[in-house]
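Architecture at a glance
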Amino acid sequence: MIELIPEGSIVERVCVFLRQRSIEAYLVGGCVRDWLLGRPSHDIDFAVMGDAVELACQVADRMGGAFVLLDEERGTGRVVTRGEDGQRLFIDFARLQGGDIITDLSRRDFTVNAMAVDITLVSRVIDPYAGRRDLERLVRFGHLSRRAVRHPCDEGVWLGSLKTLDDLPEEIDAVVSLCRVGRKQTDRERVEFWLIDK
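Residues numbered from 1 in each chain as written. Predicted model: local features only at pLDDT ≥ 70, side-chain atom pairs only at ≥ 80, totals over all residues. Heavy atoms only, no water.

1. Some thoughts on the overall build of the protein
How we decide: Think of it this way: any DSSP run of H or I at least four residues long counts as a helix, any run of E at least two long counts as a strand, and we number them from the N terminus. Accessibility here uses a 1.4 Å probe with only protein chains present; expressed as a share of the type maximum, an area under 20% marks a residue as buried, one over 50% as exposed, and anything in between as partly exposed. The criterion used for residue contact is that any of the two residues' heavy atoms lie within 4.5 Å. Shrake-Rupley sampling with a 1.4 Å probe provides the accessible areas, and residues are treated as covered by the protein chains on show and by no other component.
The helix and strand inventory of the protein stands at seven helices and nine strands. The buried share of the protein, taken over its 198 residues, is 46%. Here the analysis covers contacts within the protein between residues at least 6 apart in sequence; of these, 51% occur between residues at least 24 apart. Approximately 10,100 Å² of the protein is accessible, and the part contributed by carbon and sulfur atoms is 46%.

2. Notes on the pairing of strand S3 (residues 66–71)
The following threshold applies: Strand pairing requires that DSSP identify at least two bridges connecting the strands.
Here five bridges tie S3 to strand S4 (residues 76–82), and the two strands are oriented antiparallel to one another. Within the sheet, the bridge partner assigned to Val68 lies in S4 and is Arg78. If you look at the hairpin formed by S3 and S4, you'll find four residues sitting between the two strands, and Gly75 has a positive phi there, around 70°.

3. Focus on the packing of helix H1 (residues 10–20) against helix H3 (residues 52–63)
For clarity, the threshold we go by: Lines fitted to C-alpha atoms define the axes here, with helix axes fitted over just the stretch in contact, and angles between the N-to-C directions of these axes take values from 0 to 180 degrees. By the definition adopted for this analysis, an angle is roughly parallel if under 35 degrees, roughly antiparallel if over 145, roughly perpendicular if from 65 to 115, and oblique otherwise. Each helix crossing is assigned a hand: it is left-handed if the near helix lies turned anticlockwise from the far helix by less than a right angle, otherwise right-handed if that turn is clockwise. For this classification, Asp, Glu, Lys and Arg are treated as charged, while Ala, Val, Leu, Ile, Met, Phe, Trp, Tyr, Cys and Pro are nonpolar and the rest, including Gly, are polar.
Where H1 contacts H3, the axes come no closer than 11 Å and their chain directions differ by 125°. By the criterion of interaxial angle, the relationship of H1 to H3 is oblique. Taken as a pair, H1 and H3 cross one another with a handedness that is right-handed. Only Leu55, Gln58, Val59, Arg62 and Met63 of H3 make contact with H1, whose side of the interface consists of Ile10, Arg13, Val14, Phe17 and Leu18. For the contact of H1 with H3, the class distribution of residues is seven nonpolar, one polar and two charged.

4. What about the environment of Ala94?
Its location among the elements puts Ala94 in strand S5 (residues 88–95). Residue Ala94 is classed as partly exposed on the basis of its relative accessible area of 25%. Note: C-alpha distance between Ala94 and Val48 (46 residues apart in sequence) is 6.2 Å.

5. Structural notes on the sheet that holds strand S2 (residues 43–48)
In space, the seven strands of this open sheet follow the order S3-S4-S5-S2-S1-S6-S7, with mixed pairing throughout. Either end of the sheet is taken by a strand with one partner, and the two such strands are S3 and strand S7 (125–126). Taken together, the seven bridges between S4 and S5 define a ladder with antiparallel strand orientation. Bridged to Val79 within S5 is Ile91. Relative to the sheet, H3 contacts S2, S3, S4 and S5, its axis offset from that of S4 by approximately 15°.

6. A word on the confidence of the model for the protein
Definition in use: Confidence scores per residue from the predictor, reported as pLDDT, run from 0 to 100.
Per-residue confidence for the protein gives a mean pLDDT of 75; residues scoring 70 or more make up 68%. Scored below 50 in pLDDT, residues 141–198 makes 120 contacts in the model with residues more than four places away or belonging to other chains.

7. Here's the deal with the nonpolar core
Put simply, the rule is: For the purposes of this section, nonpolar cores are sets of buried Ala, Val, Leu, Ile, Met, Phe, Trp, Tyr and Cys residues that join through side-chain atoms within 4.5 Å.
Counting residues in hydrophobic clusters, the biggest one holds 34 residues, and the most contacted among them are Val14, Leu18, Leu27, Ile44, Phe46, Ile91 and Phe93. Breaking this core down by element, the ones donating at least two residues are H1, strand S1 (25–28), helix H2 (30–36), S2, H3 and S5. Residues within four places of Ile44 in sequence aside, it is in contact with Val11, Leu27, Cys31, Trp35, Leu89, Phe90, Ile91 and Asp92. Grouped together as the second largest cluster of nonpolar side chains are ten residues, Tyr26, Leu96, Leu105 and Ala116 included.

8. Re the pattern of salt bridges
Our working definition: Salt bridges are defined as contacts in which a side-chain nitrogen from Lys or Arg sits within 4 Å of a carboxyl oxygen from Asp or Glu.
A complete count under the given rule lists four salt bridges for this structure. The closest approach of N and O atoms between Asp71 and Arg74, which form a salt bridge, is 3.1 Å. Overall, Asp71 belongs to the partly exposed group, its relative accessible area being 23%. Residue Arg74 is classed as exposed on the basis of its relative accessible area, which comes to 56%. Arg78 serves as the salt-bridge partner of Asp92, at 2.6 Å between the closest nitrogen and oxygen. Taken as a pair, Asp92 in strand S5 and Arg78 in strand S4 lie far apart in primary sequence, 14 residues in all. For Arg78, a relative accessible area of 23% translates into the label partly exposed.

What follows is the structure, encoded as structure tokens:
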């Protein structure tokens, strides 16, 4: 059994708050990835069934944080507060996309970000696209530049031992479109993070 959510943390308190209100909610994306790597996360994402903006307002009030409306149309709100370590903590709430967590995860950028934790069963990682396996590859190779980058729909490309963006093929748009779900535009900053961050 794994315990991903730090005991006594603000994130744990938010999960308790949501469970007490019987809200279907999942921790998703980068925070799950970071916790699996044993890293702290200061950017927490919840996918929730229902009104995520109103929920973010309620959590901000409850936790003594500030509420920020990120996207009214897509139903996304943010709580800004301080974590246990005194650092700024961002807690984002977004409406669950597609009606269920599996569909929501299929719309995420990389398999290592397409993992979730149900707040009612925090010892189990929901990983329908083998992101954990890709994360283990990342750890085995020692850094992000030597791993297969795959998106949740299982298309992907082995990027080998690229050290810089200069080593990418000229068809970077094609490479990026294979690596990211539903996005055809080139996002050089994001690709660079995933390829050469150590």
